[in-house]
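Descriptive analysis of the structure
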Amino acid sequence: MLIALRRLAGMAVTLVVASFIIFAAMYAAPGDPVTFLIGNPENLTPERFAEVRAEYHLDEPLVVQYWLWLSGALTGNLGVSFQYHQPVASIMASRLPATLSLVAYAAVLFAVVGVGLGVWAAVRRGRAADTAVVGATTLAASVPSFVVGIVLVSFFSVQLGWFPVTGAGEAGVDRLYHLTLPAIALSIGALAIVSRVTRQTMVEQFDSEHVEAARSTGMAERLVVLRHVLRNAWGPIITMIALVIASMLAGTVVVESVFGISGIGSLLVDAINSHDFPIVQAVLLYMVVAYMVVTTLVDLLLPLLDPRIGSRVKTS
């Protein structure tokens, strides 16, 4: 319990520091937000300039502006968009389901296929199958996701017409249909990473004494792999899967742009291009929070999945 409280406290401190850096970076960005808020240069009079600065608290010191922003963010008030003139929270809420659906779909793909390939390669280490998996995953990890996305769109959408070119679709089966190609493009690199971590961790377990002891009892090789090798390899595998998912929550920008998905990633790109600072700040804060929450949950849950980790933490 004490360890969990310490980690949660550490996460809170990290989030406060990260939020200040995000806000200060926007504060130091080139250009005055007032010029973007007023829009029409003809209305840029000294009186109007001062009025807008006071309305958005831009005449306050940096620390005061940060506190107003942070206190609002803690209550769900992320400000008002300069471009859309709507609450940032409602704009993000309308974009978030598409991004979360894409990440969830990609996570299922890379976790299932990546672990499966890793197990297959580890069981057949040193053989042709192992070499093929290692070579294929090395190639997959070296290809950028936007290149994979363009190739998938060109072949499966344009030439074959099997999948739509853009959009996230509606809820249910239609959304799965629309997100199939984006999820594949997003998961290819992650699949390669997870498969290689799975293979390496299992290969190390194959040489362990407890595996040799299990074999000496006459246990079938399949049961040895499932009960002694894979079971003891789950810790690093689950940790890597969680880290990849956390990075995906903050890294869908390229895939969403290629496939024309109205998600958080594309919202960030539009906000940067239009100097919509409240949206940029809110999206960056969401990315930091998502990464911190996922990694902290893994730290708290991993000892429950592997008691050896919990015992090591207590003794350290």
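**Description of the overall build of the chain**
When you go through the chain residue by residue, the secondary structure sums to 14 helices and zero strands. The N-to-C order of helical and strand elements in the chain reads α-α-α-α-α-α-α-α-α-α-α-α-α-α. The burial tally for the chain puts 39% of its 316 residues in the buried class. When contacts within the chain are restricted to residue pairs at least 6 apart in sequence, long-range pairs at least 24 apart make up 70% of them.

**Quick word on the pattern of salt bridges**
Between side chains of opposite charge, pairing is possible as soon as their charged atoms come close. Tallying each qualifying case throughout the model produces one salt bridge. With its nearest N and O atoms 2.6 Å apart, the salt bridge here joins Asp130 to Arg199. In this pair, Asp130 is assigned in helix α6 (residues 128-142) and Arg199 in helix α8 (residues 173-206), connecting sequence segments 69 residues apart.

**Some words on the environment of Phe206**
When you line up the elements, Phe206 lands in helix α8. A relative accessible area of 2% means that Phe206 is categorised as buried. Residues Phe206 and Leu230, spaced 24 residues apart in sequence, show a C-alpha to C-alpha distance of 9.4 Å.

**Looking at a nonpolar patch on the surface**
A surface patch of nonpolar side chains, amounting to about 560 Å² of accessible area, comprises Leu139, Val143, Phe146, Val147, Ile150, Val151 and Val254. A total of four residues in the nonpolar patch trace back to one element, the largest contributor, which is helix α7 (residues 145-159). Turning to its location among the elements, Phe146 is positioned in helix α7.

**Some remarks on unusual backbone geometry**
Of note, His85 is a non-glycine position whose phi angle comes to about 55 degrees, a positive value. With a relative accessible area of 54%, His85 lands in the exposed category.

**Let's talk about the environment of Val244**
Structurally, the position occupied by Val244 is in helix α10 (residues 221-249). Given the relative accessible area of 8%, Val244 is considered buried. Taking the C-alpha atoms as reference points, Val244 and Thr295, separated by 51 residues in sequence, lie 9.9 Å from one another. Beyond its immediate chain neighbours, meaning those up to four positions away, Val244 contacts Phe110 and Ala190.

**Considering the side chain of Thr198**
Along the polypeptide, Thr198 turns up in helix α8. Beyond its immediate stretch of four places on either side in the chain, Thr198 contacts Gly114, Val115, Gly118, Val119 and Ile237.

**As for the confidence of the model for the chain**
Mean pLDDT for the chain: 80, with 88% of residues reaching 70 or above. Within the chain, the lowest mean pLDDT, 48, falls on helix α14 (residues 307-315), and the highest, 89, falls on helix α5 (residues 88-123). For the stretch residues 311-316, pLDDT sits under 50, and the model shows two contacts to residues farther than four places along the chain or on other chains.

**Topic: the environment of Ile264**
If you trace the backbone, Ile264 turns up in helix α12 (residues 264-273). Taking the relative accessible area as the measure of exposure, Ile264 reaches 1% and is therefore buried. With 168 residues separating them in the primary sequence, Ile264 and Leu96 have C-alpha atoms 5.9 Å apart. Apart from residues no more than four positions distant in its own chain, Ile264 is found in contact with Met92, Arg95, Leu96, Thr99, Glu256, Val283 and Tyr286.

**Notes on the nonpolar core**
With 69 residues, the main nonpolar core has Met92, Phe110, Met202, Met248 and Val283 as its most contacted residues. Apart from the residues within four sequence positions on either side, Met248 is in contact with Val103, Ala106, Phe110, Leu186, Ser187 and Ala190.

**As for the packing of α5 against α12**
Packing of α5 against α12 leaves a shortest axis separation of 8 Å and a crossing angle of 135 degrees. In terms of orientation, α5 and α12 fall into the oblique class. The residues of α12 that touch α5, namely those facing Ile91, Met92, Arg95, Leu96 and Thr99, are Ile264, Gly265, Ser266, Leu267 and Asp270. Tallied by class, the residues present in the contact of α5 with α12 amount to five nonpolar, three polar and two charged.

**Focus: α5**
For α5, built from 36 residues, the straight-helix expectation of 52 Å at 1.5 Å per residue is met to within 8% by its first-to-last C-alpha distance of 50 Å. Along its length, α5 shows its largest kink, about 35 degrees, at Arg95, and proline Pro97 lies within four residues downstream of that point.

**Quick notes on the packing of aromatic side chains**
As enumerated under the stated definition, the model contains seven aromatic pairs in all. Here a set of aromatic residues connected by ring pairs shows up, and it is made of Phe20, Phe23, Tyr66 and Trp69.

**Digging into the packing of α5 against α6**
Where α5 contacts α6, the two axes come as close as 7 Å, and the packing angle between them is 140 degrees. The chirality of how α5 crosses α6 is left-handed. Mapping the contact onto sequence places Leu117, Trp120 and Ala121 in α5 and Ala129, Asp130 and Val133 in α6. The residue makeup of the contact of α5 with α6, split by class, is five nonpolar, no polar and one charged.

Rules of the game
- Residues numbered from 1 in each chain as written.
- Predicted model: local features only at pLDDT ≥ 70, side-chain atom pairs only at ≥ 80, totals over all residues.
- Heavy atoms only, no water.
- Helix = DSSP H or I, 4+ residues; strand = E, 2+ residues; numbered from the N terminus.
- Buried < 20%, exposed > 50% of the residue type's maximum accessible area, 1.4 Å probe, protein only.
- Contact = heavy atoms within 4.5 Å.
- Salt bridge = Lys/Arg side-chain N within 4 Å of Asp/Glu carboxyl O.
- Patch = residues over 30% accessible without salt bridge, like charges linked within 9 Å, V, L, I, M, F, W, Y side chains within 5 Å.
- Areas by Shrake-Rupley, 256 points an atom, 1.4 Å probe, with all protein chains shown as cover.
- pLDDT = per-residue confidence, 0-100.
- Core = buried A, V, L, I, M, F, W, Y, C linked by side-chain atoms within 4.5 Å.
- Axes fitted to C-alpha atoms, helices over the stretch in contact; angles between N-to-C directions.
- Parallel < 35°, antiparallel > 145°, perpendicular 65-115°, else oblique.
- Nonpolar A, V, L, I, M, F, W, Y, C, P; charged D, E, K, R; others polar.
- Expected span 1.5 Å × (residues − 1).
- Bend = angle between axes of the 7 residues up to and from the residue.
- Phe/Tyr/Trp six-rings, centres within 6.5 Å; stacked < 30°, edge-to-face > 60°.
- Left-handed = near helix turned anticlockwise from the far one by under 90°.

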